[in-house]
Amino acid sequence: MGRCPWKRRAGAFGCLLSRFHGIRYEYGIFFHHIREGIQVETPDNWLRYGNVWEIPRPERLYPVKFYGRVAQFVDEHQATRSEWIETEDVMAMAYDTPVPGYANSTANTLRLWAAKSTRDFDLDYFNHGDYVRAVEDKDKTETISKVLYPNDNVSAGKELRLRQEYFFVSATLQDILLRYQKAHDTFDLFPEKVAIQLNDTHPSLAVPELMRLFIDQHGLSWEKAWGLTTQTFAYTNHTVLPEALEHWPVSLLERVVPRVLQIIYDINQRFLGEVARHFPRNVERLGRMSLIEEGEEKRVRMAHVAIVGSHSVNGVSDLHTKILKEELFHDFFEMYPERFNSKTNGITQRRWLLLCNPRLSRLITGRLGEGWVTDLEQLKGLVPLAEDAAFRARWRQVKAANKRDLAAVILKTTGIEVRLDSIFDCQVKRMHEYKRQLLNVLHVIHLYNSIKAGNSIVPRTVVFAGKAAPGYFMAKLVIRLIHGVAERVNHDPDAGDLLKVILIPNYGVSLAEKIIPAADLSEQISIAGSEASGTGNMKFALNGALIIGTLDGANVEILEQVGEENIFIFGMTAEEVREGKRRGYQPRQYYEGVPELRKIIDMIGGGYFSAAQLGLFEPVVDSLLRAEDPYMVLADFASYVDCQKRAALAYLDPEGWSRKSILNVAHMGRFSSDRTVAEYAREIWGVNPAPVGPSPAPTDLRRV
Ligand code: O9T
């Protein structure tokens, strides 16, 4: 979609104030340690020593209602109105963190909400009530912002999680409305002045909540409120994995946020009327598109709420958007084709090259100047340098120095020494079955068996890092398997220094900043059709690693940019995956038909990598051999091994490899988040760039 005719574009000197909202969790994502191959989680109490960057805003304080019931009354105009009463309120207090732009004299705001008990403000309670009970209650309400749910790509479905989502959404909307009202007497200009981008469905209760605030608090009609709401919201989908789709039970919403549920029902009634007019006599379609999923337990489909309440729905890569249109949201695409659009994710070159890879940054800036820092397309200037032998030698020196640094980190965290001339083959990302760390492990065992059979291999250091959600059994078992394989391989004199398997603990952004600049090969091997975009793929390529990957997510667009001779692509396409599942996947065919594969699986199942507990990895083998394996690991094995061989051969030619590496970096311009944000701004929010001044020089600062 190129235009939003309903939005008046800001003038040449218009200004986009962007604000990110979230929850000020006391405990963010857990720390992760490996004890004898087992992941152990500990809490990250990040505020323990204070936080100098945040500014508390005790005056930005809003009540958020929970529980209670809805009463109806007739107002002075004889209209029936609703009132949500007998609620247990929680206060949301703002903490602001300024987010400075890069040398552009602009700072945006990250506003995070902390839950505070209303008891602090209710002296009566302390004077007349039970003091200890009062303090207990205070604790209970303040648990809302205590801890981040550690799952990734899965819906926890817990009452506390629902309370977090509603708390966040209600506080944010009250804040936005108050700010708007300071400058305007009516809400007529609301969608022109405010654009709200729903980052996944986690904040999708914002749709009924904004309706509630407009109607119950500000007295707007349904029709007026609905027009403003749908012109304000836009929704970004981030995954098609069924595990991740949010479906809140109606009974839970009824108890926790009864007025919000009523509004969802009202939206649904009108929406289904519209569907029936659009597609007459199609009861099945009504059932499929309804915001309410019928069944033993009725549930609200939060993605449907987000789509119906928004004027824009986007995926985060072109392939992902195609899957939204053709599969997951096909019914909605038929009804609202103009809403669907693609916004390929990007990454910031300020962190993922300039900051994390100073050596490569200096080399590039030395040849191209520093324009790439704010205009990544300028990296195209590296294309001719790929043919310059002296430049390629400098390029290799930078990678070698970065590999030395990472080798020191590996030695310190794991005690293992690695060969600097080996392929640094890295898979660093959350542990997930769909990301198929298991496929990588099968290949490692294949290389090991090859060595044991007397063959030589191109020396390799296979690096794994990533957290498993604490309750995700299979992901944690894969960590144990990687550790088990590492123990065998790393201590086998036959393998010597040809093959090392490294599992680095406590993966997070800080560790990624050390691994990515040192990588030769980047593993992006999710089953096609499962990874919405991926951004690790972009980070590695921007630092000169070559990708070995499937035609999934943004890998497809990276291939388009860098050309097929500069990336290692293997495996089924998303269409082939769909067709393969339709026909019926038969993993045993591969097990029985490929002796090499059978041997690997039998080693895993038979305890070769778990001497102390022979049956430990039986569930891994079961997951690979069951016909329902949604990740079809065995189907891609042969193609993957073949592709790895091509990669290893290519690595034996340093000049050719350097040329590919340089050309990868040269063609990463499209994957700057600057391009992504500009597309959201122009195509969804209807705003144009405004000129910004340079940052004030230090002398200017002294004057203010
Ligand atoms: C968890 C998770 C889980 C999780 C993610 C998941 C696909 C599985 C299962 C658990 C506990 C997933 O499964 O029992 O925390 O965080 C996500 C996506 C499969 C495709």
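Residues numbered from 1 in each chain as written. Predicted model: local features only at pLDDT ≥ 70, side-chain atom pairs only at ≥ 80, totals over all residues. Heavy atoms only, no water.

### What to know about the overall build of the protein chain
Of regular secondary structure, the protein chain possesses 28 helices and 21 strands. What you see for the protein chain is a C-alpha radius of gyration of 27 Å, in line with the 27 Å of a compact globule of 704 residues. Principal-axis analysis of the C-alpha atoms gives the protein chain an extent of 90 × 65 × 60 Å. Partitioning the contacts of the protein chain with sequence separation of at least 6, the portion at a separation of at least 24 is 73%. (Helix = DSSP H or I, 4+ residues; strand = E, 2+ residues; numbered from the N terminus. Rg over C-alpha atoms; globule rule 2.2 N^0.38 Å. Contact = heavy atoms within 4.5 Å.)

### Comments concerning the pattern of salt bridges
Counted according to the given criterion, the structure contains 49 salt bridges. Note that glutamate 579 and arginine 583 form a salt bridge whose closest N and O atoms lie 3.5 Å from each other. Here glutamate 579 pairs with arginine 583, and both are found in helix α21 (residues 574-583), just four residues apart, close to one helical turn. Taking the relative accessible area as the measure of exposure, arginine 583 reaches 65% and is therefore exposed. Glutamate 592 is paired through a salt bridge with arginine 588; the nearest N and O atoms lie 3.7 Å apart. Taken together, the residues glutamate 592 and arginine 588, both in helix α22 (residues 587-593) and four residues apart, mark about one turn of the helix. Connected via shared salt-bridge partners are Arg57, Arg60, Asp96, Arg111 and Asp175. (Salt bridge = Lys/Arg side-chain N within 4 Å of Asp/Glu carboxyl O. Buried < 20%, exposed > 50% of the residue type's maximum accessible area, 1.4 Å probe, protein only.)

### Considerations on helix α27 (residues 673-685)
For α27, the full list of buried residues reads Ser673, Arg675, Thr676, Glu679, Tyr680, Ala681, Glu683, Ile684 and Trp685. The elements touched by buried residues of α27 are β9 (196-199), β10 (233-236), β14 (313-315) and β15 (340-342). Its side-chain oxygen 3.0 Å from the backbone nitrogen of aspartate 674, serine 672 forms the N-cap of α27. Positive backbone phi, at 70°, marks glycine 686, one or two positions downstream of α27. (Polar contact = N/O pair within 3.5 Å; in protein donor to acceptor, adjacent residues only side chain to side chain.)

### Some remarks on the site of the ligand
Near the ligand, the surroundings consist of Asn151, Asp152, Asn153, Val154, Leu241, Glu243, His432, Ala469, Gly471, Tyr472 and Tyr631. Between an oxygen atom of the ligand and a main-chain N or O atom of glycine 471, the distance comes to 3.0 Å. In isolation the ligand has 440 Å² of accessible area, and contact with the protein removes 80% of it. When the residues that make up the shell around the ligand are grouped by side-chain class, the tally is five nonpolar, four polar and two charged. (Near = heavy atom within 4 Å. Areas by Shrake-Rupley, 256 points an atom, 1.4 Å probe, with all protein chains shown as cover. Nonpolar A, V, L, I, M, F, W, Y, C, P; charged D, E, K, R; others polar.)

### Some points on the sheet that holds strand β13 (residues 299-301)
Strand order in the open sheet formed by three strands is β11-β13-β12, and the pairing between neighbours is antiparallel. At either margin of the open sheet sits one strand with a lone partner, and together these are β11 (247-249) and β12 (292-293). Here β12 runs beside β13; their pairing, made up of two bridges, is antiparallel. Paired with isoleucine 292 across the two strands is valine 300, which belongs to β13. (Pairing = 2+ DSSP bridges.)

### Some thoughts on the packing of helix α16 (residues 437-452) against helix α17 (residues 473-490)
α17 packs onto α16 with a crossing angle of 15° between their chain directions and a minimal axis gap of 11 Å. Relative to α17, the element α16 is oriented roughly parallel. In the crossing of α16 with α17, the sense of the turn from one axis to the other is left-handed. Contacts from Gln437, Leu438, Val441, Val444, Ile445 and Tyr448 of α16 reach α17 at Val478, Leu481, Ile482, Val485, Arg488 and Val489. For the contact of α16 with α17, the residue count by class is 10 nonpolar, one polar and one charged. (Axes fitted to C-alpha atoms, helices over the stretch in contact; angles between N-to-C directions. Parallel < 35°, antiparallel > 145°, perpendicular 65-115°, else oblique. Left-handed = near helix turned anticlockwise from the far one by under 90°.)

### Some words on a nonpolar patch on the surface
Residues Tyr131, Val132 and Val135 make up a contiguous nonpolar surface patch of roughly 280 Å² in combined accessible area. Position of valine 135 among the secondary structure elements: in helix α2 (residues 131-142). (Patch = residues over 30% accessible without salt bridge, like charges linked within 9 Å, V, L, I, M, F, W, Y side chains within 5 Å.)

### A few points about the environment of glutamate 36
When you line up the elements, glutamate 36 lands in the loop between β2 (31-35) and β3 (38-42). You can call glutamate 36 exposed: its relative accessible area is 74%.

### Topic: the state of the cysteines
Summed over the entire model, instances satisfying the criterion amount to zero disulfides. In this model cysteine 356 remains outside any disulfide bridge; the closest cysteine sulfur is found in cysteine 426, 13 Å from its own. On the basis of relative accessibility, which here comes to 11%, the residue cysteine 356 falls in the buried class. (Disulfide = S-S within 2.5 Å.)

### Digging into the environment of proline 505
The topology assignment puts proline 505 in the loop between β18 (499-503) and α18 (509-515). Residue classification places proline 505 among the partly exposed residues on the basis of a relative accessible area of 23%. Expressed as a C-alpha distance, the spacing of proline 505 and glycine 605, which sit 100 residues apart in the sequence, is 25 Å. Filtering out sequence-adjacent residues up to four positions away, proline 505 remains in contact with His32, His33, Ile34, Thr413 and Leu511.

### Quick word on the sheet that holds β14
Strand order in this open sheet of four strands is β9-β10-β14-β15, and the pairing throughout is parallel. On the outer flanks of this sheet lie β9 and β15, each paired with one strand and no other. Strand-to-strand twist in this sheet, taken as the mean axis angle between neighbours without regard to direction, amounts to 25°. Sheet topology places β10 next to β14; two bridges connect them, and they run parallel. Residue pairing in the sheet places threonine 236 in a bridge with asparagine 314 of β14. Relative to the sheet, helix α6 (residues 222-232) contacts β9 and β10, its axis offset from that of β10 by approximately 40°.

### Here we look at the pairing of strand β20 (residues 546-549)
Of the two faces of β20, the one lined by Leu546 and Ile548 and the one lined by Ile547 and Gly549 are each fully buried. Of the pairings in the sheet, the one linking strand β19 (residues 521-524) to β20 comprises four bridges and is parallel in character. By the bridge assignment, glutamate 523 is partnered in β20 with isoleucine 548. Crossover connection from β19 via helix α19 (residues 536-542) to parallel β20: handedness right-handed. (Right-handed = clockwise from strand over helix to strand, strands pointing away.)

### Overview of the packing of aromatic side chains
Per the stated rule, a full pass over the model turns up 20 aromatic pairs. Measuring from ring centre to ring centre gives 5.7 Å for tyrosine 180 and phenylalanine 187, while their planes differ by 15°; the resulting arrangement is stacked. Of the two residues, tyrosine 180 and phenylalanine 187, neither departs from the other in class, the shared state being buried. Look at phenylalanine 187 and phenylalanine 190: their rings are 6.2 Å apart centre to centre, the planes differ by 75°, and that puts the pair in the edge-to-face class. Classification of phenylalanine 190 as buried rests on a relative accessible area of 0%. An aromatic cluster of three or more residues is present, and its members are Phe66, Tyr67, Trp84 and Tyr166. Taking the ring centre of tyrosine 608 as reference, the NZ or CZ of arginine 488 above it sits at 3.9 Å. (Phe/Tyr/Trp six-rings, centres within 6.5 Å; stacked < 30°, edge-to-face > 60°. Lys NZ or Arg CZ within 6 Å of the ring centre and 35° of its normal.)

### Brief notes about helix α5 (residues 206-217)
Burial analysis of α5 places 11 of its 12 residues in the buried class, which makes it a mostly covered element. Of the residues making up α5, those classed as buried are Ala206, Val207, Pro208, Glu209, Leu210, Met211, Arg212, Leu213, Phe214, Ile215 and Asp216. Of the residues trailing α5, glycine 219 is marked for its positive phi of about 70°.

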